[in-house]
Amino acid sequence: MKKLISNFKRSALTLLVASLASLTAFAQNKTVTGTITDNTGQALIGVNVQETARPTNGTITNVDGKFSLQVADNASLTLSYVGFKTQVLSVRGKTQFRITMQENAESLNEVVVVGYGSQKKVNLTGAVAQLDSKALADRPLQNVSSGLQGLMPGVTVMSGQGRPGQDGATIRVRGVGTLNTSDPYILIDGVESGTMDAVDPNDIASISVLKDAASAAIYGSKAANGVILITTKRGTTGKPRISYNGYAGMQEATHMIDRMGSAEYATDLNLALEAGGYSPRFTDEDIQKFKDGSDPYGHPNTNWYDLAYRTGFQTQHNVSATGGTEQVKYMASAGILHQDGILPNSNRNQINARTNIDLKLHRRLTAHLSMAFIKNDYKDANSAYAGGSSDQIIRQLNLIAPWIPYKNADGSYGTVSDGSPMAWLDSGMTVDRNNRNFTGTLSADYEILDGLKATLSGSYVTNRQQYKNFEDFIQYNPNKASQPASLDERYYLWDRTNFDALLNYDKTFAGKHNLKVLAGWHTEDYNYSYAKMYRSSFPNNDLTDINAGDASTQTNEGYTRELAMISWFGRVNYDYAGNETDYN
């Protein structure tokens, strides 16, 4: 304490900062709770509740619309939720609240993207949630799926694993819908995609989630677990506009397991052995050496977390150009992303490009062309025991005892039965996944009569992934070595061809009778192929082509699959003065 006071006296600035921190901590002596509903009494899930003076101090409402937050006595709360008016309320003299949020009347006139079209929000009868680009703009996102967390009622987003580029979240729309799969049906500009992460977040104009049967039925059985519709930005009339969006940041583990040191660990182990009727493993002299560090190789106190984990750097840049005339409108964008993991040898590198062009060929005929390419290369740290990912490394870092040395006096590695996690990281071996995805769409709209429009659309998507898992041979020390070097290499390729024909009729009669009719036909062809090859006993860790392995250890497998589908569908919307009935 004397030393602490002495340090404070040496620096008036430090004393001032510490005093302010103490006052802030002292002021936070009140917990407020509450329930938030809409004007019908329905609980609102995921409402942002923040202390107005300190926006970093906040929470969101749970599935029952309830929240709890510790704030200062004289604080105020800011409540915000998509589609509702932002509210600010004082907590002075109160600890419990029941709050009714009011819908933003202006938002009711917003156009919401639904299946094969759009509708005004005021006329929606199905359960549809929508986000626009503004809701995602201020978030430094690497994956679109993670960006939805806490922003949509009825949409549960659970964070994935922490591997760079492979940390996409699991999305559930109103819980688990089926036994065999629970993933929602995802479409980007009307084209099916197996993942939301095949698009740069900067290119997104809006995201709609169709949550119930009334809104999603038009997609048939594929919509059993909900539908997510992603619409990308398009050009607008006006002079060319160049936009840039970028950021750089760092990431690190926010919390690690508080592990015992060697002396404490050895003492507790001895007590456990004695309680079980066994002789203690460590002597008092051993424990003393663990404490004083006099024998760093024979009696180490290894901090495996400090050795393995690091601070990761990440950066993203996106440039876009938009503009056009009444005849031609365009949007073009390009982006790059680099993300380092908190384990060595793990990273992600992404390059993406997109262009959307609208051409007015005739007063009744308009053509649309969209092309997108995204390249993602992922590297994950690998192990020489039960490899294929960083899972075994992380497992051993959590389990290995601190009295195991990182390296011995001769430079060899200290090991457990599986090997050494630091030897695996020091080797630099990785699991590589290289993805390439291209999407192209060409469509045309023709106005046959006033209010009657025909649309023809064709699209092609192809996706290729190469997987390469080379496990090095490692001589940890004179008495311990890994299995011979091996290579597991796989290729995945799929493509999908779609064709759609739509008829849309949209007419208003007598000023108040509004009728919208949609009839459509959809066909698709899907092809998938898979091939795997394996060899082991490579002569060294530098020759990593499959032919360098021992031919006698070779195994291979592969298969192809083809699917086709034809669908007919329709929808009728009628409203009288704004009260709409929807039939899918």
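Located above this text is the structure these notes cover.
None of the values given here were measured: they were computed from a predicted structure.

Undergrad: I keep staring at the packing of aromatic side chains and nothing clicks. Help me out?
TA: Taken as a whole, this structure holds 15 aromatic pairs when the rule is applied. Through a chain of ring-to-ring contacts, three or more aromatic side chains come together here, namely Tyr116, Tyr185, Tyr219 and Phe569. Sitting above the plane of the Tyr305 ring, Arg259 keeps its charged end 6.0 Å from the centroid. Directly above the aromatic system of Tyr528 lies the positively charged group of Arg561, at a separation of 4.8 Å from the ring centroid.

Undergrad: Please clarify how the side chain of Arg172 should be interpreted in this entry.
TA: Counting through the fold element by element, Arg172 comes out in strand E12 (residues 170-173). One polar contact links Arg172 to Asp183, side chain to side chain, over a distance of 3.2 Å.

Undergrad: Help me understand the sheet that holds strand E5 (residues 76-80) in this model?
TA: The pairing of strands in a sheet happens through backbone hydrogen bonds and is either parallel or antiparallel. Taken in spatial order, the four strands line up as E3-E2-E5-E6 in an open sheet, and their pairing is antiparallel. Across the chains shown, the open sheet's two edge strands, defined by having one partner strand only, are strand E3 (54-60) and strand E6 (87-90). Sheet twist, expressed as the average angle between the axes of neighbouring strands with direction ignored, equals 25 degrees. In the sheet, E5 pairs with E6 via four bridges, with the strands oriented antiparallel. The residue bridging Leu77 from the neighbouring strand is Leu89, located in E6.

Undergrad: Just checking my understanding: could you explain the pattern of salt bridges for this structure?
TA: For side chains of opposite charge, pairing can occur when their charged atoms come near one another. The final tally for this structure, using the stated rule, is 18 salt bridges. Its salt-bridge partner being Arg163, residue Asp380 comes within 2.7 Å of it at the nearest N-O pair. With a gap of 217 residues between them, Asp380 in strand E21 (residues 365-381) and Arg163 in the loop between strand E11 (155-158) and E12 connect regions that are remote in the sequence. Residues Asp380 and Arg163 agree in their burial class; the two are buried.

Undergrad: Would you take a moment to explain helix H7 (residues 284-292) for this structure?
TA: Residues separated by three or four positions in an α-helix point in the same direction, a consequence of the helix having 3.6 residues per turn. Looking only at H7, the buried set comprises Asp286, Ile287 and Phe290. Down the axis of H7, the buried set is contained in an arc of 95 degrees. They therefore lie on one face. Residues of H7 that are exposed and point more than 90 degrees away from the buried face comprise Asp284, Glu285 and Lys291. In this fold, the buried residues of H7 make contact with helix H6 (262-275). Positive backbone phi, approximately 70 degrees, marks Gly293, located one or two places after H7.

Thresholds applied
Residues numbered from 1 in each chain as written. Predicted model: local features only at pLDDT ≥ 70, side-chain atom pairs only at ≥ 80, totals over all residues. Heavy atoms only, no water. Phe/Tyr/Trp six-rings, centres within 6.5 Å; stacked < 30°, edge-to-face > 60°. Lys NZ or Arg CZ within 6 Å of the ring centre and 35° of its normal. Helix = DSSP H or I, 4+ residues; strand = E, 2+ residues; numbered from the N terminus. Polar contact = N/O pair within 3.5 Å; in protein donor to acceptor, adjacent residues only side chain to side chain. Pairing = 2+ DSSP bridges. Axes fitted to C-alpha atoms, helices over the stretch in contact; angles between N-to-C directions. Salt bridge = Lys/Arg side-chain N within 4 Å of Asp/Glu carboxyl O. Buried < 20%, exposed > 50% of the residue type's maximum accessible area, 1.4 Å probe, protein only. Arc of directions from axis to C-beta. Contact = heavy atoms within 4.5 Å.

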